[in-house]
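# Chain and residue survey
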Amino acid sequence: MSVTTACVKRAFRYRFHPTDAQAAELSRTFGCVRKVYNLALAARTEAWARQERVNYNQTSALLTAWKKTEELAYLNEVSSVPLQQCLRHLQVAFTSFFGKRAKYPRFKSKKKSRKSAEYTTSGFRYRNGRLTLAKMTEPLDIVWSRPLPEGAQPSTATVSQDAAGRWFVSLLCEDSTVRPLPATDTAVGIDVGLDHLLTLSTGEKITNPRHERRDRARLARAQRELSRKAKGSANREKARRKVARIHARIADRRRDVLHKLTTRLVRENQTLVIEDLAVRNMVKNRNLARAISDAAWSQFRSMLEYKAAWYGRDVVAVDRFFPSSRLCSHCGALQDRLPLQVRTWTCDCGATHDRDVNAAQNLLAVGLTVSACGAGVRPQRRTPGGQSAVKQETPRREP
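Residues numbered from 1 in each chain as written. Predicted model: local features only at pLDDT ≥ 70, side-chain atom pairs only at ≥ 80, totals over all residues. Heavy atoms only, no water.

### Remarks on the overall build of the protein chain
Counting secondary structure elements, the protein chain contains 10 helices and 14 strands. By principal-axis analysis of the C-alpha atoms, the protein chain measures approximately 80 × 55 × 50 Å. When the 399 residues of the protein chain are sorted by exposure, 45% land in the buried category. Across the protein chain, contacts joining residues at least 24 apart in sequence account for 73% of those joining residues at least 6 apart. Approximately 22,000 Å² of the protein chain is accessible, and the part contributed by carbon and sulfur atoms is 49%. Considering the protein chain, the positive charge centre built from 72 side chains and the negative charge centre built from 37 side chains are found 6 Å apart. (Helix = DSSP H or I, 4+ residues; strand = E, 2+ residues; numbered from the N terminus. Buried < 20%, exposed > 50% of the residue type's maximum accessible area, 1.4 Å probe, protein only. Contact = heavy atoms within 4.5 Å. Areas by Shrake-Rupley, 256 points an atom, 1.4 Å probe, with all protein chains shown as cover. Lys, Arg positive; Asp, Glu negative; His and termini not counted. Charge placed at Lys NZ, Arg CZ, Asp CG, Glu CD.)

Encoded structure:
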């Protein structure tokens, strides 16, 4: 896939440190956004029960009426822009539901839902590298870890607070610096795993950092301390923040590694062949769910695909039932069975294979075929020997 437009929309996320007044204003805004979203969802659900449809314009009119009531008069204290935006988000959610692309929208929970508010250009002012939100007199104290594209003007600003109490602002801009890279003739097959995070068809193996395992003891200790605190107490909130900070550190390290890996792979290769894994089903295995979640295969694929779209690269996904491990990459012979504990095997043709490297090479071969003919890869789920062709690359249970 190649980029056809002159520029792409890109979000730049920064951390900022609000003053006490700004934090209070944003907290009120988060609460009002959640309240309006739930009220609008309840109204649309009631209309749905009556076999009626309510669109964005009707919920916007309801918002105006709600603000005039004594009970909801506090909605006037915050900027109206985030409130209108949450109604637009609800409209998108219903559009996805009616298009059978998502489940029915759910109500936002005060404790579990993400705290965020989106401002459009009418709800903030960005001048000379200073961002000031509506209802605020001072600009946000943003840590500009990297500059915005030259001449870029943000179209939206999304403010959020994570579970660890950190504040972030995401600025959506048009970035003209993202351009397709020069075309190359290199291609690579990528096999994901747990013993090694990635195994490439070139024979290179990338170690699995196991970020969660590194902090597992610290996380368990913090969770035990949390369980001993009285519910609703200030000490329990402190303990909860401590647990959240550990989770945030794990997620940050994982994201950093995946960004570096995907950027490198996209820059070096024109065609990248991966396996179309059903990760949501794989994590139902209680013995492997923790390790699979820590490897973040879905996040890796998402990053790979959008970066490939940015830079004019091709990502080919091979069907998950293709027996990449049991197929000899030299002669094409298919082994009847290959237990997970067998990491190296020898084919009848005399070729000795590393299980993961062989799988990556087979993925590359079939991926190049798909790329050349433009067809999908959907081999039969039963092999000639009667054995299921379900993916067997997942290693043994992680201790």
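Read on, since the account is not over.
### Points about the confidence of the model for the protein chain
Per-residue pLDDT for the protein chain averages 88, and the proportion of residues at 70 or more is 91%. Within the protein chain, strand E13 (residues 344–346) has the poorest average pLDDT of any element, 77, and strand E6 (residues 156–161) the best, 97. Low pLDDT (under 50) marks residues 1–5, which in the prediction has 12 contacts with non-local residues, meaning those over four places away or in another chain. Here residues 375–399 is a poorly scored stretch, pLDDT under 50, and it has 71 contacts once near neighbours within four places are set aside; other chains count. (pLDDT = per-residue confidence, 0-100.)

### Focus: the UniProt feature "domain: Cas12f1-like TNB" (unreviewed entry) in the protein chain
Taking the numbering used here, the UniProt-annotated feature "domain: Cas12f1-like TNB" (unreviewed entry) corresponds to residues 297–363. Taken as a whole, residues 297–363 contains 36% helix and 18% strand, while its terminal C-alpha atoms sit 16 Å from one another. (UniProt positions renumbered as here; feature names shortened; annotations may be inferred.)

### Looking at helix H2 (residues 56–67)
With 12 residues, H2 ought to run about 16 Å at 1.5 Å a step, and its terminal C-alpha atoms sit 17 Å apart, in line with that. Taken residue by residue, H2 has Tyr56, Thr59, Ser60, Leu63, Trp66 and Lys67 as its buried positions. Around the axis of H2, the buried residues are gathered within 115° of arc, so they sit on the same side. Those residues of H2 that are buried are in contact with helix H1 (20–49) and helix H3 (80–98). Where H2 begins, one side-chain oxygen reaches toward the backbone nitrogen of asparagine 57, 3.2 Å away; that side chain belongs to asparagine 55. (Expected span 1.5 Å × (residues − 1). Arc of directions from axis to C-beta. Polar contact = N/O pair within 3.5 Å; in protein donor to acceptor, adjacent residues only side chain to side chain.)

### Describing the packing of helix H5 (residues 216–228) against helix H6 (residues 234–268)
Put simply, H5 and H6 touch, their axes get as near as 9 Å, and they point 160° apart. The angle between H5 and H6 falls in the class roughly antiparallel. Crossing angle aside, the handedness with which H5 passes H6 is left-handed. On H6, the residues that touch Arg218, Leu219, Ala222, Gln223, Glu225 and Leu226 of H5 are Arg236, Ala239, Arg240, Lys242, Val243, Ile246, His247 and Arg249. Of the residues belonging to the contact of H5 with H6, the class tally is six nonpolar, two polar and six charged. (Axes fitted to C-alpha atoms, helices over the stretch in contact; angles between N-to-C directions. Parallel < 35°, antiparallel > 145°, perpendicular 65-115°, else oblique. Left-handed = near helix turned anticlockwise from the far one by under 90°. Nonpolar A, V, L, I, M, F, W, Y, C, P; charged D, E, K, R; others polar.)

### Focus on the side chain of aspartate 175
By secondary structure assignment, the location of aspartate 175 is in strand E7 (residues 167–175). Of note is the side chain of aspartate 175, whose polar atom sits 3.0 Å from the side chain of arginine 10. Once residues within four sequence positions are removed from consideration, aspartate 175 is found in contact with Cys7, Val8, Arg10, Phe12 and Pro149.

### Quick word on the UniProt feature "domain: Transposase putative helix-turn-helix" (unreviewed entry) in the protein chain
With numbering matched to this structure, UniProt assigns "domain: Transposase putative helix-turn-helix" (unreviewed entry) to residues 8–52. Secondary structure content for residues 8–52 is 67% helix and 20% strand, while the C-alpha to C-alpha distance between its ends is 38 Å.

### Regarding the nonpolar core
Most often, soluble globular proteins keep nonpolar side chains buried together rather than apart. The biggest cluster of nonpolar side chains holds 40 residues, and the ones touching the most others in it are Leu26, Leu131, Leu133, Val159 and Val169. The biggest single contributor to this core is H1, with nine residues. Excluding anything up to four places from it in sequence, leucine 133 contacts Leu26, Tyr119, Gly123, Phe124, Leu140 and Val159. Val192, Leu261, Val266 and Phe300 belong to the second-largest nonpolar core, a separate cluster that totals 30 residues. (Core = buried A, V, L, I, M, F, W, Y, C linked by side-chain atoms within 4.5 Å.)

### Remarks on the environment of threonine 158
Looking at the secondary structure, you find threonine 158 in strand E6. Spatially, the C-alpha atom of threonine 158 lies 8.6 Å from that of threonine 120, the residues being 38 residues apart in sequence. Beyond its immediate sequence surroundings of up to four residues, threonine 158 is in contact with Ser116, Ala117, Glu118, Phe168, Val169 and Ser170.

### Topic: the pairing of strand E3 (residues 124–127)
Side chains of E3 alternate between two faces, with Phe124 and Tyr126 buried and Arg125 and Arg127 left unburied. Bridge count for E3 against strand E4 (residues 130–133) is four bridges, and the pairing is antiparallel. In the strand pairing of E4, arginine 127 is matched with arginine 130. From the end of E3 to the start of E4, which pair antiparallel, there are two residues, and asparagine 128 there has a positive phi angle of about 55°. (Pairing = 2+ DSSP bridges.)

### What to know about the pattern of salt bridges
According to the stated counting rule, one finds 22 salt bridges in the structure shown. Here arginine 249 ties to aspartate 215 by a salt bridge, and the two come within 3.9 Å at their closest N and O atoms. On the criterion of sequence distance, the pair formed by arginine 249 in helix H6 and aspartate 215 in the loop between helix H4 (211–214) and H5 is long-range, its members being 34 residues apart. Accessibility expressed as a relative area gives 39% for arginine 249, which makes it partly exposed. For arginine 320, the salt bridge goes to aspartate 276, with nearest N and O atoms at 3.7 Å. Of this pair, arginine 320 sits in the loop between strand E12 (314–319) and E13 while aspartate 276 sits in strand E11 (residues 271–276); the two residues are 44 residues apart in sequence, bridging distant segments of the chain. Exposure remark for aspartate 276: the relative accessible area of 25% places this residue in the partly exposed category. Residues joined in a network through salt bridges with shared partners are Asp162, Arg166, Asp252 and Arg255. (Salt bridge = Lys/Arg side-chain N within 4 Å of Asp/Glu carboxyl O.)

### Notes on the packing of H6 against helix H9 (residues 297–311)
Two elements in contact, H6 and H9, have axes whose closest approach is 9 Å; the angle formed by their N-to-C orientations is 40°. Put simply, H6 runs oblique to H9. Between H6 and H9 the crossing geometry is right-handed. Together, Arg254, Arg255, Leu258, His259, Thr262, Thr263, Leu265, Val266 and Arg267 of H6 and Gln299, Phe300, Met303, Leu304, Tyr306, Lys307, Ala308 and Tyr311 of H9 make up the contact between the two elements. For the contact of H6 with H9, a count of residues per class yields nine nonpolar, four polar and four charged.

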